[in-house]
Amino acid sequence: MADQTVIIRRRQHDEDLPPETLLDMYYKLLLSRRLDERMWVLHRQGKVAFHISGMGHEGCQVGAAFALRRGYDYVHPYYRDMALCLSIGMTARDMMLAIYGRKGEPSSGARQMPAHFGYKALNIVSGSSPVATQVPQAAGIAFAERYKKINGLLKEGEDMRVTLTCLGEGSTSQGDFYEGLNWASVFNLPLIVLVQNNLYAISVPLDRQMSVGGPAERACAYGMTGIAVDGNDVIATYRVVKEAVERARSGQGPTLVEAKTYRPVPHSSDDDDRSYRSREEVEEWKKKDPILRMKAYLLAEGVLTEALAEEYEEKARSEVDEANSFAEQQPYPDVEWGVGPVFAG
Ligand SMILES: Cc1ncc(C[n+]2csc(CCOP(=O)(O)OP(=O)(O)O)c2C)c(N)n1
Ligand SMILES: [Mg+2]
């Protein structure tokens with residue numbers, strides 16, 4: 001049975017995941033992880049004020065990003081989505097500018113906290129700090145696309161843009177989640193809601209948020225497709241999101257995807273996770289790390305070699321170094337910019 005699974009996956013790769021795409025995915029995982037690690041160090045060195053990490057979540061984010069038409073479809077991310085945004089086209093420099101709060105930072109010109117990712121030219125929409133507010137906003141974007149489609153307002157040969165939005169499982173307890181999903185389902189909107197279920201909302205475990213097994217089970221209440229996937233498996237997530245993209249783009253409505261994952265680090269630079277979970281639990285999950293798994297898989301497939309993996313490590317390290325020195329040398333924004341434009345500029 002296990003052998004058959006491998007064969008099926010190999011065939012699927014032949015179609016839409018050629019080796020260069022798989023390696024591109026691998027590099028995005030690596031770059032995000034190495035940037036993230038550097039940010040923790042910068043915080044502990046006192047060079048930056050705050051860091052909220054995407055570690056452990058990179059697998060589902062890269063898988064989801066590659067299933068989209070990147071730069072064409074809309075993405076309304078949440079604070080852990082560094083690997084997602086790097087995969088769409090943001091750069092290591094963009095991420096470093098944000099964490100240092102320097103002039104030229106693309107998300108908000110450094111007026112938001114770091115990890116409020118946004119990039120207008122890539123259709124990445126910057127979110128607000130209250131969790132889950134992005135869900136009805138993303139449904140609104142999807143509504144506009146559907147409206148354009150129905151009323152013949154899309155350009156000749158233009159497809160409906162799909163909107164992907166992300167949030168954590170704890171944030172599904174917010175009313176915004178219900179409103180966004182219900183609206184999307186009633187109006188058949190081209191929306192994908194990716195819940196990154198890492199089992200905790202800061203210190204609050206899953207079973208204190210819901211009495212069902214996980215967020216995907218909630219989909220039936222909205223009359224929409226709900227799928228749970230191993231979020232530490234890049235390719236599995238890619239497949240599920242790709243199907244959701246096809247459903248959305250062809251007018252068959254929204255999908256709720258639950259990616260089961262884990263954050264192996266504290267909630268943020270200001271959290272001590274030892275107060276609410278055991279070290280044994282964290283160590284167990286580290287064995288299922290999405291990057292280790294993707295690496296093992298690509299080595300077994302003959303797509304990656306140890307030598308190439310080392311080259312990628314070196315490339316990621318120098319990209320992080322370069323971005324760090326660049327951002328550190330940029331000035332802070334002008335004071336007047338603090339009360340500058342909100343909707344344009
Ligand atoms: C409306 C609102 N309430 C509380 C917070 C504080 N807060 C920030 S992140 C977070 C936990 C969210 O957990 P989850 O949705 O599971 O996402 P995760 O951080 O685990 O990825 C909380 C309570 C907030 N930002 N917004
Ligand atoms: Mg969570």
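Residues numbered from 1 in each chain as written. Chains lettered and ligands numbered in written order. Predicted model: local features only at pLDDT ≥ 70, side-chain atom pairs only at ≥ 80, totals over all residues. Heavy atoms only, no water.

## Topic: the overall build of the chain
Our working definition: Only DSSP runs of H or I covering at least 4 residues are called helices, and only runs of E covering at least 2 are called strands; the numbering of each starts at the N terminus. Summary of the burial criterion: residues with accessible area below 20% of their type's maximum are buried, those above 50% are exposed, and those between are partly exposed, where the area comes from a 1.4 Å probe applied to protein chains only. Note on definitions: a residue-residue contact is assigned when non-hydrogen atoms from the two residues lie within 4.5 Å.
Across its full length, the chain carries twelve helices and seven strands. Projected onto the principal axes, the alpha-carbon positions of the chain cover approximately 55 × 50 × 45 Å. Here the chain, with 345 residues, has 53% of them falling under the buried criterion. Intrachain contacts of the chain at a sequence separation of at least 6 include 76% that bridge at least 24 residues.

## Some details on the layout of surface pockets
The condition is simple: In this analysis, the protein atoms alone were mapped onto a 1 Å grid. Cavities are point sets where a 1.4 Å probe fits without being able to get out; pockets are open sets with protein on both sides within 12 Å along at least five of seven lines; lining residues have an atom within 4 Å of a point. Grid points are joined across faces, edges and corners, and a volume is the space filled by probe spheres set on the points. Residue polarity follows a fixed list, in which Ala, Val, Leu, Ile, Met, Phe, Trp, Tyr, Cys and Pro are nonpolar, Asp, Glu, Lys and Arg are charged, and the others, Gly among them, are polar.
In this structure, the largest pocket spans a volume of roughly 770 Å³. As for the largest pocket, its lining consists of 24 residues, of which S107, S108, S126, V342 and F343 are closest to the centre. Its residues placed into classes, the lining of the largest pocket shows eleven nonpolar, ten polar and three charged. In this structure, the second largest pocket spans a volume of roughly 420 Å³. Along the wall of the second largest pocket there are 26 residues; nearest its centre are I52, Y78, Y79, S129 and V131. Here the lining of the second largest pocket is built from residues that sort into 14 nonpolar, ten polar and two charged.

## Quick word on the coordination of the magnesium ion (ligand 2)
Around a metal, the perfect tetrahedron of four donors has angles of 109.5 degrees, and the perfect octahedron of six donors has angles of 90 or 180 degrees. What counts here: Any nitrogen, oxygen or sulfur atom within 2.8 Å of a metal ion counts as a donor, with the limit raised to 3.2 Å for Na, K and Ca, and since water is left out, coordination shells can look unfinished. In short, tetrahedral needs four donors with all angles between 85 and 135 degrees, square planar needs four and octahedral six donors with opposite donors over 155 degrees apart and all other angles between 65 and 115, and whatever is left is irregular.
Within the first shell, the magnesium ion (ligand 2) binds the protein through E169 (OE), E169 (OE), N198 (OD1) and Y200 (O), at distances of 2.1 to 2.7 Å. Classification of the site at the magnesium ion (ligand 2) as irregular follows from its six donor atoms and the range of 51 to 178° in their angles at the metal. Sequence spacing of the donor residues for the magnesium ion (ligand 2), all on one chain, is E-x28-N-x1-Y. Note on Y200: relative accessible area 11%, which makes it buried.

## A short note on the packing of helix α2 (residues 19–44) against helix α5 (residues 92–100)
Applicable threshold: All axes here are fitted lines through C-alpha atoms, helices being fitted over the stretch that makes contact, and every angle between N-to-C directions spans 0 to 180 degrees. Reported orientations rely on four angle classes, namely roughly parallel under 35 degrees, roughly antiparallel over 145, roughly perpendicular from 65 to 115, and oblique for the rest. Crossings are classed by handedness, with left-handed meaning an anticlockwise turn of the near helix from the far one by less than a right angle and right-handed meaning a clockwise turn.
Following both chains from N to C, one finds α2 and α5 inclined at 20°, their axes separated by 11 Å at the closest point. The pairing of α2 with α5 is recorded here as roughly parallel in orientation. Relative to α5, α2 is oriented so that their crossing is right-handed. On α5, the residues that touch L35, R38, M39 and L42 of α2 are A92, M95, M96, I99 and Y100.

## Points about the sheet that holds strand β7 (residues 255–260)
Condition: Strand pairing follows a simple DSSP-based rule, namely that at least 2 bridges must link the two strands.
If you walk across this open sheet you meet the five strands as β1-β2-β3-β7-β6, and the pairing is parallel. The open sheet terminates on both sides in strands that have one partner only, identified here as β1 (74–76) and β6 (225–230). Between one strand axis and the next, the sheet turns by 20° as a mean value, whatever way the strands run. Pairing of strand β2 (residues 163–168) with strand β3 (residues 191–197), which is carried by six bridges, proceeds in the parallel orientation. When the bridges of β3 are listed, T163 appears paired with L191. Sitting on the sheet, helix α7 (residues 175–186) is in contact with β2, β3 and β7, with an inclination near 145° to β3. On top of the sheet, helix α9 (residues 234–249) reaches β3, β6 and β7; it is set at about 160° to β6, its chief contact.

## Digging into α5
For α5, a buried count of eight out of nine residues is recorded, marking the element as mostly surrounded by other parts of the structure. Every buried residue of α5 is listed here: A92, D94, M95, M96, L97, A98, I99 and Y100. Lining the buried residues of α5 we find α2, α4 (82–88) and α12 (306–329). Positive backbone phi, approximately 65°, marks G101, located one or two places after α5.

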